[in-house]
Amino acid sequence: MRAYDREDLQFQLWDVAGLSDVIAKTDLDRETVNGILDTADQIAADFFLPIGREIDEQEPAFIDGRAVLPDVVKPAVDAYVDAGFIAAGFSPEHGGMGLPETVHQAAAFVFAASNVSLSGYGFLTVGAGRLIQSFGTEEQKRTWLAPMVEGRFFGTMCLSEPQAGSSLSDITTRAEPMDDGRYRISGRKMWISGGEHGLSENIVHLVLAKIPGGPPGVKGISLFIVPKLRIDGSRNDVVLAGLNHKMGYRATTNCALNFGDSGECSGELLGEPHMGLSYMFQMMNEARIGVGMGATALGQAGYQASLAYARERPQGRAPGSKDPTARQVAIIEHADVRRLLLAQKASVEPALALAILCATLVDRERQGDCTVGSLLGMLTPIAKSWASEFCLEANKHAIQVLGGAGYTRDYPVERYYRDNRLNPIHEGTHGIQGMDLLGRKVLIDGGAGFAAVTAAIREDIASAGESDLAEPLEQAVRRLEQVTRHLAGQVSENPDKGLANATLYLDCFGHVVMGWMWLRITLAAIRVAARDGDSDFLRGKHQAARYFYQRELVRTQGWSQTLMSDEASAYDMQDGWY
């Protein structure tokens, strides 16, 4: 059994997102794209899915200064690398396959649903490699990027420090200039995923550090290439200080790294001095779409597992049945179980639609469309955070469907929940995404990004004809516009107080966007039904959309009232009152 719904993925790519338009400017066709996804599906089924429980139960071990993983991890990662999935997203001039981001993300969805902690190594390497591709010298690209594209070297990003966390202005890692043009790196980094392992020939760390004498705060941060092994093969002074023992995502090592304890850690400046944070934002923005896709994949995996269980598990009888000797019914016949399944479907499928939409916007931007940047910028924090929050909720519902069995390790749904719990935290917490959305993105360029979102939503509303979803969505957009104008004024007057409810604003905004995604999905379902005939698959789209509008989109009414009232209970709370 697959951990995801292939029919839905196909529908989302071709009928909702219009992948044909994206690949029209490439050498790809539908058959080739489906062949790529078939390959991903086969590797996931043969290598990723079967070892999920084993690598969850056998955590990486810290032995003699090394991170030791279960033996089954490397063959699975090697199969992924050998099939070219790290090379997929890089340009051909650097040895990559040059696949559109939409195709790359669709394959990533397959792997994340099947085993998210294994897919993390490719995710990190692609992100680091793209920074070198964008900002590195030709020599750096030959030396570091080429073997990363080949999958011989893996990559990391080293931002956080024990004392700094998300507050990057407080990092203390230093980069002292050396006579040969390199820099001597010294400092400690924490929470470094993939920071040490034996899965590749080398690990290329991208490290944020400050050059002495530079500007204070974030303006003085630079970015450095710091390899585990130097060009000559000697060991750089990068030491694994320990492993963090995690709730989930266990096969992706998470490390505390010490740089330069012996004064011998060397690195190369990537790009210009003091531009490190702006460079890293490219990686983080790409990563946020990927995190949203991963959260969605885990929600999908939980949904598929609980749906299969509900169809097979007999228990109880219909409430109206008076015969205790009657045959038991499958639990999917119970209305509350159907509610739990429908709640999962109503969250997972629009989250996937948004992640794919963002990927298509990335492709359009790369193909020269300069009109989509504002829309993409506004949707990125929602694609990351809404999926991380509400697909995690879907995983909770999956456990509930299985009942006590779901709480045991005999079934994978509890692992999906634990794995997904990371996603509201990394690549910018849920709260940070809310503050970024309200405090920066809705304000820049005179609100151009927000206007781009509402215009895109209204374009689909206009094309919806007499759909019963059109008017409720229009009302939700109007409420969101009113709330946004109000809060933007509050943020301008008093940023501290104005941002106190930024997380609730993010949830409210996200629900409106997901209402939009459900409109897009149902419009696509209508087109497919007109072309191919109606089906249970398509009827399910309409029913899940109704559920979302009647159970979820209506929540934005109460949220909007709270946001308009300047409710300040959290802001006014004092430390001692707790």
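Going by the annotation in an unreviewed UniProt entry, the name recorded for the protein is Acyl-CoA dehydrogenase, with Sedimentitalea todarodis given as the source organism. For the record of the protein, the UniProt heading Cofactor (unreviewed entry) holds the text "FAD".

### Looking at the overall build of the protein
Tallying secondary structure elements over the protein gives 19 helices and 10 strands in all. Taken over C-alpha atoms, the radius of gyration comes to 24 Å for the protein, in line with the 25 Å a tight globule of 578 residues would show. Taken over the C-alpha atoms alone, the protein extends approximately 85 × 60 × 55 Å along its principal axes. The buried share of the protein, taken over its 578 residues, is 57%. Just so you have it, the protein exposes about 23900 Å², and 50% of that area is on carbon and sulfur atoms. Of the side chains in the protein, 55 bear a positive and 72 a negative charge, and the two mean positions are spaced by 4 Å.

### Let's talk about the pattern of salt bridges
A side chain with one charge can pair with a side chain of the opposite charge if their charged atoms come near. This model, assessed by the stated rule, comprises 37 salt bridges. A salt bridge links Asp78 to Lys74; the shortest N-O distance between them is 3.2 Å. In this pair, Asp78 and Lys74 are both assigned in helix α5 (residues 73-82), 4 residues apart and thus about one turn of the helix distant. Assessed through its relative accessible area of 26%, Asp78 is described here as partly exposed. One network of salt bridges, in which partners are shared, links Asp8, Lys345, Glu349 and Lys541.

### Let's talk about the pairing of strand β6 (residues 202-210)
Where burial is concerned, most of β6 is hidden: 9 out of the 9 residues are buried. The alternating pattern of β6 places Asn202, Val204, Leu206, Leu208 and Lys210 on one face and Ile203, His205, Val207 and Ala209 on the opposite face, and all of these are buried. The pairing of strand β3 (residues 153-158) with β6 spans 6 bridges and is parallel. Following the sheet pairing, Met157 is matched in β6 by Leu206. Sheet topology places β6 next to strand β7 (residues 221-227); 7 bridges connect them, and they run antiparallel. Directly across from Lys210, in β7, lies its bridge partner Ile221.

### Considering the UniProt feature "domain: Acyl-CoA dehydrogenase/oxidase C-terminal" (unreviewed entry) in the protein
When the UniProt feature table is mapped onto this chain, "domain: Acyl-CoA dehydrogenase/oxidase C-terminal" (unreviewed entry) is found at residues 275-436. End C-alpha to end C-alpha, residues 275-436 measures 20 Å, and it is 70% helix and 0% strand.

### Quick notes on the packing of helix α16 (residues 502-532) against helix α18 (residues 555-564)
At a minimum axis distance of 10 Å, the contact between α16 and α18 shows a crossing angle of 145°. For the pair α16 and α18, the sense of crossing is left-handed. Where α16 abuts α18, its residues Leu504, Tyr505, Asp507, Cys508, His511 and Val512 lie against Arg555, Thr556, Trp559, Ser560, Thr562 and Leu563.

### Comments concerning helix α7 (residues 138-150)
For α7, with 13 residues, the first-to-last C-alpha span of 17 Å sits near the 18 Å given by 1.5 Å per residue. Most pronounced at Trp144, the bend in α7 amounts to some 35°, and the proline Pro147 follows within four residues. Burial in α7 covers these residues: Gln140, Lys141, Trp144, Leu145, Pro147, Met148 and Val149. Those residues of α7 hidden inside the fold are in contact with α6 (101-135), β3, β6, β7 and β10 (266-269).

### Section: the side chain of Ser222
If you trace the backbone, Ser222 turns up in strand β7. Exposure remark for Ser222: the relative accessible area of 0% places this residue in the buried category. Polar side-chain contacts of Ser222 include one of 2.7 Å to the backbone nitrogen of His274. When near neighbours in sequence (up to four residues on either side) are disregarded, Ser222 contacts Val207, Leu208, Ala209, Ile211, Leu269, Pro273, His274 and Gly276.

### Focus on the environment of Val413
Inspection of the secondary structure puts Val413 in helix α11 (residues 413-420). A sequence separation of 343 residues divides Val413 from Pro70, and the C-alpha atoms of the two residues are 22 Å apart. Val413 has contacts with Gly302, Ala305, Ala398, Ile399, Leu402 and Gly406, leaving out every residue within four places of it along the chain.

### Brief notes about the side chain of His104
Relative to the elements of secondary structure, His104 occurs in helix α6. Look at His104 and you get buried, because its relative accessible area is 11%. Contact partners of His104, with chain neighbours within four places excluded, come to Phe85, Ala88, Gly89, Val126 and Arg130.

### Focus: the pairing of β3
For β3, a buried count of 6 out of 6 residues is recorded, marking the element as mostly surrounded by other parts of the structure. Burial of β3 is two-sided: the residues Phe153, Gly155 and Met157 facing one way and the residues Phe154, Thr156 and Cys158 facing the other way are all buried.

### Here's the deal with the environment of Ile171
Counting through the fold element by element, Ile171 comes out in the loop between β3 and β4 (174-177). Ile171 sits in the buried class, given a relative accessible area of 3%. For the pair Ile171 and Gly187, spaced 16 residues apart in the sequence, the C-alpha separation amounts to 9.0 Å. Discounting chain neighbours no more than four positions away, the residues touching Ile171 are Leu159, Glu161, Gln163, Ala164, Lys189, Leu208, Ala209, Lys210 and Ile221.

### With respect to the nonpolar core
One finds Leu9, Leu118, Ile132 and Met280 to be the most contacted residues of the largest nonpolar core, which totals 97 residues. Not counting residues up to four positions away in its chain, the partners in contact with Leu9 are Tyr4, Leu37, Ala106, Phe109, Val110, Leu352 and Ile356. Core analysis: the next-biggest nonpolar cluster, separate from the first, contains 71 residues, Ala387, Phe390, Val453 and Leu523 among them.

### A closer look at the packing of aromatic side chains
By convention here, two paired aromatic rings are described through the distance between centres and the angle between planes. Applying the stated criterion to the full structure yields 16 aromatic pairs. Measuring from ring centre to ring centre gives 6.0 Å for Tyr4 and Phe109, while their planes differ by 85°; the resulting arrangement is edge-to-face. One end of the pair, Tyr4, is in the segment before α1 (6-16); the other, Phe109, is in helix α6, with 105 residues separating them in the sequence. For the ring pair Phe11 and Phe537, a centre distance of 5.5 Å and an interplane angle of 85° mean the geometry is edge-to-face. Of the two residues, Phe11 is situated in helix α1 and Phe537 in helix α17 (residues 536-553); the sequence distance between them amounts to 526 residues.

### Side note on the environment of Asp261
Relative to the assigned elements, Asp261 resides in the loop between β9 (254-259) and β10. The exposure class assigned to Asp261 is partly exposed, which follows from its relative accessible area of 47%. In this structure, Asp261 is in contact with Arg188 and Asp237, ignoring residues within four places of it in sequence.

Cut-off values and rules
Residues numbered from 1 in each chain as written. Predicted model: local features only at pLDDT ≥ 70, side-chain atom pairs only at ≥ 80, totals over all residues. Heavy atoms only, no water. UniProt positions renumbered as here; feature names shortened; annotations may be inferred. Helix = DSSP H or I, 4+ residues; strand = E, 2+ residues; numbered from the N terminus. Rg over C-alpha atoms; globule rule 2.2 N^0.38 Å. Buried < 20%, exposed > 50% of the residue type's maximum accessible area, 1.4 Å probe, protein only. Areas by Shrake-Rupley, 256 points an atom, 1.4 Å probe, with all protein chains shown as cover. Lys, Arg positive; Asp, Glu negative; His and termini not counted. Charge placed at Lys NZ, Arg CZ, Asp CG, Glu CD. Salt bridge = Lys/Arg side-chain N within 4 Å of Asp/Glu carboxyl O. Pairing = 2+ DSSP bridges. Axes fitted to C-alpha atoms, helices over the stretch in contact; angles between N-to-C directions. Left-handed = near helix turned anticlockwise from the far one by under 90°. Contact = heavy atoms within 4.5 Å. Expected span 1.5 Å × (residues − 1). Bend = angle between axes of the 7 residues up to and from the residue. Polar contact = N/O pair within 3.5 Å; in protein donor to acceptor, adjacent residues only side chain to side chain. Core = buried A, V, L, I, M, F, W, Y, C linked by side-chain atoms within 4.5 Å. Phe/Tyr/Trp six-rings, centres within 6.5 Å; stacked < 30°, edge-to-face > 60°.

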